[in-house]
Amino acid sequence: MNTQELINTARMLVAGDKGLLAMDESTPTCDKRFAMLGIPQTLEARRAYREMIITTPGLAESISGLILYDETIRQKKKDGTTFIKIIIDAGIIPGIKVDTGAKDMAGHPGEKITEGLDGLRSRLTEYSQMGARFAKWRAVIALGEGLPSQGCIEANAQSLARYAALCQEAGLVPIVEPEVLMDGEHTLGRCNEVTEEVLRTVFNQLYTQRVMLEGMILKPNMVLPGLACPKQETVDEVADATVRCLLRSVPAAIPGIAFLSGGQTSELASARLNAMNFRFKSRLPWALSFSFARAIQQPALEIWHGDEKNVFAAQKALYHRASCNRAARRGEYTTAIEMV
Ligand code: 13P
């Protein structure tokens, strides 16, 4: 393991007020999003969509790293150039999702365990040879009546830590993503309690599995009320709760925290990240960044709609969302930026 290289890559992923763009939807998830808009669910449509994203002019101004999916990392542009080459030539760091999905957990109705550890060492070697420099693994924790269970939290935390250790061994920076889901009627207080518990368990496991904290990035949820909760806190209240929770549970040694968007609207995700940086940035030990999928891609996907003639307009929308989130990292995002 080259410790300094891992530290440098992790720092580069959160440097310059940039963030990550997750475009690593599995084939079923990508197809589901296409189906909702009536876009054909074909290999070629997925390839064309991903080509649209990675060839967006100026994307590297706001995006430090792109998270790809196994299908995508092997794909090429229409002219034959590999996606990996396009990304690296644009000055963006390529990354790869390496979990194989969240599956029903035995003995734990309503809960999931993320799989993908078997054979991971050799897959990481292959991805590293292809040019990937970081990886992602997502664990999901559902809230509800009697949920989450200790068993689900512990098993997912241990898998995240074992994945992270294997990544560092292979020279890839692990993005450690324990996502407490937004679905449900739970309050912000309940999300806060569970997020803190999950993060403490994850970091205990990261220590136990000897993961070097300086060479990783945490990708957590923001502390939010459930989507169906009648009380929806203000942007500032969400920012306060999220920062307080993270300060209590995330070691200062990690270089950055890059939030997932989790089903928030694009504008709210930007506004909440902005409020955290505007109010607390100078007092935080780590960078507060973004690693959004839906909150960056969704407007562009809707414009693109599977039609080549919409590529330019879709790229404009993607560039815009990426720029809004870069502004949010500086605490300079305003609703006026949305009008531009
Ligand atoms: P969202 O921003 O859409 O939550 O996706 C982030 C991600 O990468 C999920 O693994």
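Shown above is the structure to which this text applies.
S.K.: Looking at this model, I keep getting lost on the environment of L6. Mind explaining?
M.R.: Along the chain, L6 falls in helix α1 (residues 3–13). Its relative accessible area of 2% is what places L6 among the buried residues.

S.K.: Help me understand the site of the ligand in this model?
M.R.: If you check the shell around the ligand, you find 13 residues, and the closest are K136, K219, S261, G262 and R294. The separation between an oxygen atom of the ligand and a polar side-chain atom of K136 is 2.4 Å. A distance of 2.7 Å is found between an oxygen atom of the ligand and a side-chain nitrogen or oxygen belonging to K219. Placement of the ligand is best described as lying within the largest pocket.

S.K.: Hey, could you run me through the packing of aromatic side chains in this one?
M.R.: The geometry of two aromatic rings is summed up by the distance between their centres and the angle between their planes. Throughout the structure, instances matching the rule amount to 5 aromatic pairs. Ring geometry for F34 and Y49: centres 5.6 Å apart, planes at 85°, overall edge-to-face. One end of the pair, F34, is in helix α2 (residues 27–36); the other, Y49, is in helix α3 (residues 43–54), with 15 residues separating them in the sequence. As far as the burial class goes, F34 and Y49 line up, both buried. With a centroid separation of 5.8 Å and 45° between ring planes, the pair formed by F34 and W304 is classed as tilted. Placement of F34 in helix α2 and of W304 in helix α11 (residues 294–304) is noted, with a sequence separation of 270 residues between them. What makes F34 buried here is its relative accessible area of 0%. Taking relative accessible area as the criterion, W304 reaches 3% and is therefore assigned buried. Here the aromatic cluster, defined as three or more aromatic residues joined through ring pairs, consists of F34, Y49 and W304.

Reading the values: the criteria
- Residues numbered from 1 in each chain as written.
- Predicted model: local features only at pLDDT ≥ 70, side-chain atom pairs only at ≥ 80, totals over all residues.
- Heavy atoms only, no water.
- Helix = DSSP H or I, 4+ residues; strand = E, 2+ residues; numbered from the N terminus.
- Buried < 20%, exposed > 50% of the residue type's maximum accessible area, 1.4 Å probe, protein only.
- Near = heavy atom within 4 Å.
- Polar contact = N/O pair within 3.5 Å; in protein donor to acceptor, adjacent residues only side chain to side chain.
- 1 Å grid on protein atoms, 1.4 Å probe; cavity = no way out; pocket = protein on both sides within 12 Å on 5 of 7 lines; lining within 4 Å.
- Sits in = over half its atoms within 2 Å of the grid points.
- Phe/Tyr/Trp six-rings, centres within 6.5 Å; stacked < 30°, edge-to-face > 60°.

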